[in-house]
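# Observations on chain architecture
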Amino acid sequence: MGQFIQQLINGLTLGAVYGLIALGYTMVYGIIGMINFAHGDIYMVAAIIAVTVLTLLGALGISAVPLAILITLAVVIFFTAIYGWSVERVAYRPLRKASRLAPLISAIGMSIFLQNMVQLTQGARVKPIHAMMPGGFELFTHDGFSVHLAYTQIMIISVTIILLAVFSYLITRTSFGRQQRACEQDQTMTALLGINVDRTISYTFMLGAALAAVAGVMVTVYYGVVDFSIGFVAGIKAFTAAVLGGIGSLPGAMLGGLIIGMIESFWSAYLSPEYKDVATFGILILVLMFRPSGLLGRPEVEKV
Amino acid sequence: MSNTLTPAANQGGKLLLEVEHLTMRFGGLTALNDLSLAVPAGKITSIIGPNGAGKTTFFNCLTGFYKPTTGNVRMHHPQYGPLLLNQMPSYHVARKAGVVRTFQNIRLFPNMTVLENLIVAQHNALQRASRFSIAGLFGQAGYKSAREAALAKALMWLTRLKLLDIADTAAGNLSYGTQRRIEIARALCVDPLLLCLDEPAAGLNPRESAELNELLLYLSREHNKGVLLIEHDMNVVMRVSDHICVLNFGNKIAEGNPAQIQNDPDVIKAYLGEDETDQEAA
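What you see is a predicted model; the values in this text were computed from it and never measured.

### Points about the overall build of chain B
Check the secondary structure of chain B and you find 12 helices and 10 strands. Within chain B, the fraction of its 282 residues that count as buried is 45%. Expressed as a percentage of contacts within chain B between residues at least 6 apart in sequence, the contacts between residues at least 24 apart total 67%.

Right under this line is the structure:
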């Protein structure tokens, strides 16, 4: 029982991180109908910047943890949003009218570029930071197994819930959200109503990058280690989460993230940690066989 | 005003759109050949012609879809002065020049409600007031009044076009005739100076089509909108048009008021073919 609750908490935390990255995937997919393969690497860049900023803040003697994390978030979101904007500008916008394969490939190129850039400039070694928020609550002990809820886990889960709420509101209720949904459904018509479609797409990439930035900061604080290659696996997992939940749907991305986090955590604990990825992708295949548009995705019905 | 301008400019309405020697070629195909046309405010100008005559190509040149091979499309904006539409990005054509079009095949946002479709069209005003959604998140007063104004405008057109009772239905689920009306209502929410309608009567039943006639006259007479109409339904064209321009294979073959067009031998030839005209003459 203790073990089960503990894995539930771990899975939720992991799932929240996947969910945050998946939100960015799904927003970008929604608006241009293409997967941003550089998204995972944007998350990696965010984590690396977070290490830099946290180390710098430590050197400056800013030791209040909430303050340090808030400053880090602000700085990382700022720089990562610029990365997101640049990716769109370099890899997508010049190919707006090209075949769908071209931007896909340029995005993969972008991903390789970002990884190598970080490896060259930051080195290939794992970057550690000292534990920022050690400790947590000991919830209860059952059969000699004590269940812990770390402060970092509380932070990750609550930040994720807040961001999901803010983004759902942004998309469904605000003028920007309506503009974005309009671009999703018909870019040409949206432009003819006087809306700057290119700018809307840029903002969406920046918002997606900002979400990846938050995930990057959270992971840095949670695990304390970061290197140049974390983007690939996280990106693939988050992509799987987005597809599992129904790509294009914000709650779907979060749900997909949580499911994948849970599967990984339970599979590692009860079965074998080596095969946790197999389990994750196995579930993806199963879900897609029975619900091709994902759990919360809207099936595409073509009217004839 | 050059001497290539047509009688439309002299019909009384203030000149709104001036098309000068517009030519559009796709490879070897000339879709539009040296078309000149003047469209005044407060009048209905129709473009007719057989299929493939270049009517929709003309609209595509107006709204920044195609960049014309040669020639200019100039919008005389009461505020900004003359604007060259063919050098503007698509979104400026609506935002700045005040030219909005509808499509032959309806292009609503099918997953949004009818009301949302109309609010999206007022995006620019809202976005300015909301400081790019940031103030909107905090419910600032300026945004609130802008939102209420947008809602009021949407409701006005919904009421005028008898769409009020379906305002909260997803647009994609509605009937064809209704979707056409929504598309016109959405275009009106942009506050256009010039409304370009591509076959708005296609697929409408006779009652709907009569209502459309009435609406077009109301918009041009009461709201002083310039209306540019592509239409095959002669019941609509002949009843509402102040001025008609006939295209055939990209060339303007005739121009004038409905009575002149109905009796123009070139037009009859283009529509009915050479032989029939001979028989008719016989």
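### What about the overall build of chain A?
Helix and strand counts for chain A come out as 11 helices and 4 strands. Rg of the C-alpha trace for chain A: 20 Å, near the compact-globule value of 19 Å for 304 residues, within the 12% margin. Dimensions of chain A along its principal axes, counting C-alpha atoms only, are 65 × 50 × 35 Å. The proportion of buried residues among the 304 residues of chain A is 49%.

### Here's the deal with the interface of chain B and chain A
Contact residues are listed per partner, giving 26 residues for chain B and 18 residues for chain A. When contributions to the side of chain B that touches chain A are tallied by element, the ones reaching two or more residues are α2 (90–95), β6 (99–101), α3 (114–120), α4 (123–129) and α5 (134–137) of chain B. Class assignment for the residues of the side of chain B that touches chain A results in 13 nonpolar, 9 polar and 4 charged.

### Overview of helix α9 (residues 230–245) of chain A
With 16 residues, α9 of chain A ought to run about 22 Å at 1.5 Å a step, and its terminal C-alpha atoms sit 23 Å apart, in line with that. Of all 16 residues in α9 of chain A, 13 are buried, a share of seventy percent or more.

### A short note on the pairing of strand β7 (residues 194–198) of chain B
All names here are of chain B. With respect to burial, β7 is a largely interior element, 5 of its 5 residues being buried. Note that β6 and β7 share 3 bridges and pair parallel. Its bridge partner lying in β7, R101 is registered against C196. With helix α8 (residues 206–222) bridging β7 and the parallel strand β8 (residues 226–230), this β-α-β connection has right-handed handedness.

### Focus on the domain arrangement of chain B
All names here are of chain B. Domain boundaries in chain B define domain 1 (1–98 + 192–282) and domain 2 (108–190). Facing 9 residues of domain 1, the contacting portion of domain 2 comprises 7 residues. A breakdown of the residues in the side of domain 1 that touches domain 2 according to their chemical character gives 5 nonpolar, 2 polar and 2 charged.

### Some details on the pairing of strand β2 (residues 29–40) of chain B
Here strand β1 (residues 15–26) of chain B pairs with β2 of chain B via 8 bridges, running antiparallel. For F26 of chain B, the partnering residue across the bridge sits in β2 of chain B and is L29 of chain B.

### A closer look at the confidence of the model for chain B
Residue and element names in this part refer to chain B. Per-residue pLDDT for chain B averages 83, and the proportion of residues at 70 or more is 87%. Across residues 1–10 the pLDDT falls below 50, and counting only partners more than four positions away or on other chains, this stretch makes 18 contacts in the model. Here the predicted complex carries an ipTM of 0.79, next to a pTM of 0.85.

### Details of the sheet that holds β6 of chain B
All names here are of chain B. The sheet built from 6 strands is open, its strands ordered β6-β7-β8-β3-β9-β10 with mixed pairing. Across the chains shown, the open sheet's two edge strands, defined by having one partner strand only, are β6 and β10 (251–256). Averaged over neighbouring strand pairs, the angle between their axes works out to 15° when direction is ignored.

### Notes on the sheet that holds strand β5 (residues 81–84) of chain B
Residue and element names in this part refer to chain B. Strand order in the open sheet formed by 4 strands is β2-β1-β4-β5, and the pairing between neighbours is antiparallel. Across the chains shown, the open sheet's two edge strands, defined by having one partner strand only, are β2 and β5. Strand-to-strand twist of the sheet, defined as the mean angle between neighbouring strand axes without regard to direction, takes the value 20°. Where strand β4 (residues 70–77) meets β5, 4 bridges bridge the pair, whose relative direction is antiparallel.

### Topic: the nonpolar core
Core analysis: the biggest nonpolar cluster contains 171 residues, and I21 and A46 of chain A have the highest contact counts within it. Every residue in contact with A46 of chain A, bar those within four places of it in the chain, is listed here: V76, T80, A212, A213, G216 and V217 of chain A.

### Considering the packing of helix α6 (residues 175–185) of chain A against helix α8 (residues 197–223) of chain A
Residue and element names in this part refer to chain A. α8 packs onto α6 with a crossing angle of 110° between their chain directions and a minimal axis gap of 10 Å. In terms of orientation, α6 and α8 fall into the roughly perpendicular class. Between α6 and α8, the residues in contact are Q179, Q180 and C183 and V197, T200, I201 and T204, respectively. Taken together, the residues of the contact of α6 with α8 break down into 3 nonpolar, 4 polar and no charged.

### Overview of the packing of helix α1 (residues 2–32) of chain A against α9 of chain A
Residues and elements named next belong to chain A. Contact geometry for α1 and α9: axes closest at 8 Å, N-to-C directions at 65°. When the axes of α1 and α9 are compared, the pair comes out roughly perpendicular. For the element pair α1 and α9, the recorded crossing hand is right-handed. Along its contact with α1, which presents Y18, G19, I21, A22, Y25, T26 and Y29, the element α9 presents A234, K237, A238, F239, A241 and A242.

### Focus on the environment of A81 of chain A
All names here are of chain A. Counting through the fold element by element, A81 comes out in helix α3 (residues 65–92). For the pair A81 and A212, spaced 131 residues apart in sequence, the C-alpha to C-alpha distance is 9.3 Å. Filtering out sequence-adjacent residues up to four positions away, A81 remains in contact with M206, A209 and A210.

Criteria and cut-off values
- Residues numbered from 1 in each chain as written.
- Chains lettered and ligands numbered in written order.
- Predicted model: local features only at pLDDT ≥ 70, side-chain atom pairs only at ≥ 80, totals over all residues.
- Helix = DSSP H or I, 4+ residues; strand = E, 2+ residues; numbered from the N terminus.
- Buried ≥ 20, exposed ≤ 12 C-beta atoms within 10 Å, placed from the backbone.
- Contact = placed C-beta atoms within 7 Å.
- Rg over C-alpha atoms; globule rule 2.2 N^0.38 Å.
- Nonpolar A, V, L, I, M, F, W, Y, C, P; charged D, E, K, R; others polar.
- Expected span 1.5 Å × (residues − 1).
- Pairing = 2+ DSSP bridges.
- Right-handed = clockwise from strand over helix to strand, strands pointing away.
- Domains from an automatic or database assignment.
- pLDDT = per-residue confidence, 0-100.
- Axes fitted to C-alpha atoms, helices over the stretch in contact; angles between N-to-C directions.
- Core = buried A, V, L, I, M, F, W, Y, C linked by C-beta atoms within 7 Å.
- Parallel < 35°, antiparallel > 145°, perpendicular 65-115°, else oblique.
- Left-handed = near helix turned anticlockwise from the far one by under 90°.

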